[in-house]
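Structure assessment
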Amino acid sequence: MSASDAATETGNGKVPPKYACGETFVPKTRYIDPEFLHLELERLFTAVWQPACREEEIPDAGSFYEYTIGRQSIMVVRQKDASIKAFYNACTHRGMKVVRGAGCAADGDLRCAFHGWRFGLDGRSAFVPSRDEFLHRPREQWSLRPVSVGTWGGWVFVSMAENPQDLLEWLDPLPMALEPFRLQDMRFRWRKRTKLAANYKTVIDAFIEGYHTPGTHPQTLRPMQGPRPSAEPAPPQEYVYAPYTPTIPYRNHSRFIYTARPDSGDRDSARREQAARPEVFANSMQYNYLEVGSLVTERDYRAAQQLATMDAGDVPPFVLYHQLCEQLARAEGVDFPTMTMEQYFAGNGDWHVFPTLVLLVEKSCVLGYRMLPDAEDPNRCVFEMFSLEHFAPGEVPQTSWLEVERWQDHDGWGELPTQDLQNIDAIHAGMHSRGFEGLWLNTAQEMSIRNEHAIADRFIFGVDDRDD
Ligand code: FES
Ligand SMILES: [Fe+2]
């Protein structure tokens, strides 16, 4: 059945039974059916705001970046006045892509390589060889077709919708919650890109809940063993040290909290005990630098080493750690973000910026992921991982950029991301099993996953069953 047949069959406001979620159940068809991928690409990705690139990737007038989503190629172009425009990347002559990849149209024209048509940075037709040989074409049809564009947090967002919702409204509550962290002032330290044999949501789902932490990352339960604890599987009794990571669904996005809050009650008592000792807390932070390469920057790592030598006192170690990080950053000329602990806890955590972006937000840096669907195959996706950090002016390093076909061909992912990546193929392969119907979700720690499907149903099937 084609996507248009599905539309006819369901009409507005009804999810076909094979794609219908329960309160806590998500059918596997939404991950493995080619038809569902087609619906997502046709109805969801054409309607939502999505991050195309970072502003720093188009630094100069004429800089362009090609963002590909499904079969759609969109070019984002920096204008002469530093503003940004976006266009469908299709020549208005015979459709050829005008730009490929990223680069800079230094002479101020975007040139189609086929017959040599040229377009200004603003998309207007600038040169057509033998223009008088084209008959009766309406004037407005010569220009590149625009796509809506907006910026937030240093990202350039695009939307193919005719009249998209205001970007900041769409992103709510992120702009308010993350304002103190000043994501727009962060720059890439490193980024990696590879392909994975899984649906893009299979991968997203592995990064927007913390319930898998003790199962997949048991070493994070053992900071008392040092900065590099054992990764042996955890026996059931060790789960008392598991972090409680509740998910918070919002209308368009979700968040989970991965740091034990001081007021989060008895469920975190085991972790609180660990966290009362400076060297134990410091071990966790050192681990993140050594084996994640983000969440904790190189500078924060030095703060953690200092913390490890301090005695326990009245001030909780995590407060000391934040003070040390800030002191070091300021001493090194970084315009470190200033915020209260309240503000920190309101923004800190793991955000799903629906549909493609995942951000783990700290004061010094953001660990991010982006997953993009394949154009045809629900069992494939593009996976990106990156670290954005606050640097001193003039100290922004050359981004360390890795792109590999197979993630196994690169051994620098770090222990913790490697554990996640090792799961992916097996999760997605298991979904195809005749003995598996769909996902049964934890009502406290996995509602981020249920939420992403509720959001998708609004766009794909016109069903809005949640009010916030
Ligand atoms: S297709 Fe671009 S100039 Fe002909
Ligand atoms: Fe993980």
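In this text, all values refer to a predicted model and were calculated from it rather than measured experimentally. (Residues numbered from 1 in each chain as written. Chains lettered and ligands numbered in written order. Predicted model: local features only at pLDDT ≥ 70, side-chain atom pairs only at ≥ 80, totals over all residues. Heavy atoms only, no water.)

Our next topic: the environment of R118. Considering the arrangement of structural elements, one finds R118 in strand β8 (residues 118-120). Classification of R118 by relative accessible area gives partly exposed; the value is 24%. Considering only alpha carbons, one finds R118 and E395, 277 residues apart in sequence, at a separation of 38 Å. When neighbours within four sequence positions are excluded, R118 is seen to be in contact with D107, D109, L110, R111, R124, S125, A126 and F127. (Helix = DSSP H or I, 4+ residues; strand = E, 2+ residues; numbered from the N terminus. Buried < 20%, exposed > 50% of the residue type's maximum accessible area, 1.4 Å probe, protein only. Contact = heavy atoms within 4.5 Å.)

Under the defined criterion, the tally for this structure stands at 23 aromatic pairs. Arranged with centres 5.7 Å apart and planes meeting at 90 degrees, the rings of F188 and F386 form a pair that is edge-to-face. With a gap of 198 residues between them, F188 in strand β12 (residues 187-196) and F386 in strand β18 (residues 381-389) connect regions that are remote in the sequence. Residue classification places F386 among the buried positions, given a relative accessible area of 6%. By way of ring pairs, the aromatic residues W152, W155, F188 and F386 are connected into one cluster. Above the ring of F188, the side-chain terminus of R191 is found at 4.2 Å from the ring centroid. Its guanidinium or amino end placed over the ring of W190, K192 lies 4.8 Å from that ring's centre, counting from NZ or CZ. (Phe/Tyr/Trp six-rings, centres within 6.5 Å; stacked < 30°, edge-to-face > 60°. Lys NZ or Arg CZ within 6 Å of the ring centre and 35° of its normal.)

This part takes up the pattern of salt bridges. In the structure shown here, the tally under the stated rule is 27 salt bridges. Note that R118 and D109 form a salt bridge whose closest N and O atoms lie 3.7 Å from each other. Residue D109 is classed as partly exposed on the basis of its relative accessible area of 21%. Ionic pairing is found between D185 and R182, a salt bridge with its closest N-O pair at 2.7 Å. Using a relative accessible area of 35% as the deciding quantity, one classes D185 as partly exposed. Residue class for R182 comes out buried when judged on its relative accessible area of 18%. Beyond isolated ion pairs, a larger network of salt bridges with shared partners links R193, R370, E384 and E403. (Salt bridge = Lys/Arg side-chain N within 4 Å of Asp/Glu carboxyl O.)

Here R458 shows up in helix α14 (residues 447-461). By relative accessible area, R458 is classed as buried at 18%. Sequence separation between R458 and L44 is 414 residues, and the spatial gap between their C-alpha atoms is 8.7 Å. If we skip the residues at most four places from it in the chain, R458 touches W170, R251, N252, V463 and D464.

Attention shifts here to the sheet that holds β8. Pairing in this open sheet of three strands is antiparallel, and the strands run β7-β8-β9 from one edge to the other. Every interior strand has two partners, whereas the edge strands, β7 (109-111) and β9 (125-127), have only one. Between one strand axis and the next, the sheet turns through 40 degrees on average, direction left out of account. The sheet contact formed by β8 and β9 spans two bridges and is antiparallel. Directly across from R118, in β9, lies its bridge partner F127. (Pairing = 2+ DSSP bridges. Axes fitted to C-alpha atoms, helices over the stretch in contact; angles between N-to-C directions.)

In this section: the coordination of the iron ion (ligand 2). At 2.1 to 2.6 Å from the iron ion (ligand 2) lie its protein donor atoms, namely H212 (NE2), H217 (NE2), D420 (OD) and D420 (OD). Of note is the iron ion (ligand 2), whose four donor atoms meet at the metal with angles of 54 to 154 degrees in an arrangement that counts as irregular. Read from N- to C-terminus, the donor residues coordinating the iron ion (ligand 2) fall into the pattern H-x4-H-x202-D. Placement of H217 in the loop between α7 (213-216) and β13 (247-249) and of D420 in helix α13 (residues 415-431) is noted, with a sequence separation of 203 residues between them. This pair shows no difference in class: H217 is buried, exactly as D420 is. (Donors = N, O, S within 2.8 Å, 3.2 Å for Na, K, Ca; no water. Tetrahedral: all angles 85-135°; square planar, octahedral: opposite > 155°, others 65-115°.)

With that out of the way, let us pick up the domain arrangement of the chain. The domain architecture assigned to the chain consists of domain 1 (50-164) and domain 2 (180-461). Its C-alpha centre places domain 1 at a distance of 35 Å from the equivalent point of domain 2. Across the domain 1 to domain 2 interface the summed buried area is about 1,300 Å²; carbon plus sulfur atoms make up 62%. For the domain 1 face of the interface with domain 2, the top three residues by lost area are R54, E56 and W155, together amounting to 35%. Residues E376 and R71 are paired through a salt bridge, measuring 2.7 Å at the closest nitrogen-oxygen approach. Our enumeration of links across domain 1 and domain 2 arrives at eight residue pairs in polar contact (both at pLDDT 80 or more). Looking at the side of domain 1 that touches domain 2, the elements with two or more residues in it are β2 (50-54) and β3 (63-69). The leading source of residues in the side of domain 1 that touches domain 2 is β3, at four residues. Across the side of domain 1 that touches domain 2, the residue classes tally to seven nonpolar, four polar and four charged. (Domains from an automatic or database assignment. Buried area = accessible area lost by both parts, 1.4 Å probe. Polar contact = N/O pair within 3.5 Å; in protein donor to acceptor, adjacent residues only side chain to side chain. Nonpolar A, V, L, I, M, F, W, Y, C, P; charged D, E, K, R; others polar.)

Attention now goes to the pairing of strand β17 (residues 365-373). With nine of its nine residues buried, β17 lies for the most part within the structure. Here five bridges tie strand β16 (residues 357-361) to β17, and the two strands are oriented antiparallel to one another. Across the sheet, L360 pairs through a bridge with L367, a residue of β17. Counted between consecutive antiparallel strands, the loop separating β16 from β17 contains three residues. Where β17 lies against β18, nine bridges are found, and the strand directions are antiparallel. When the sheet's bridge partners are listed, V366 is paired in β18 with L388.

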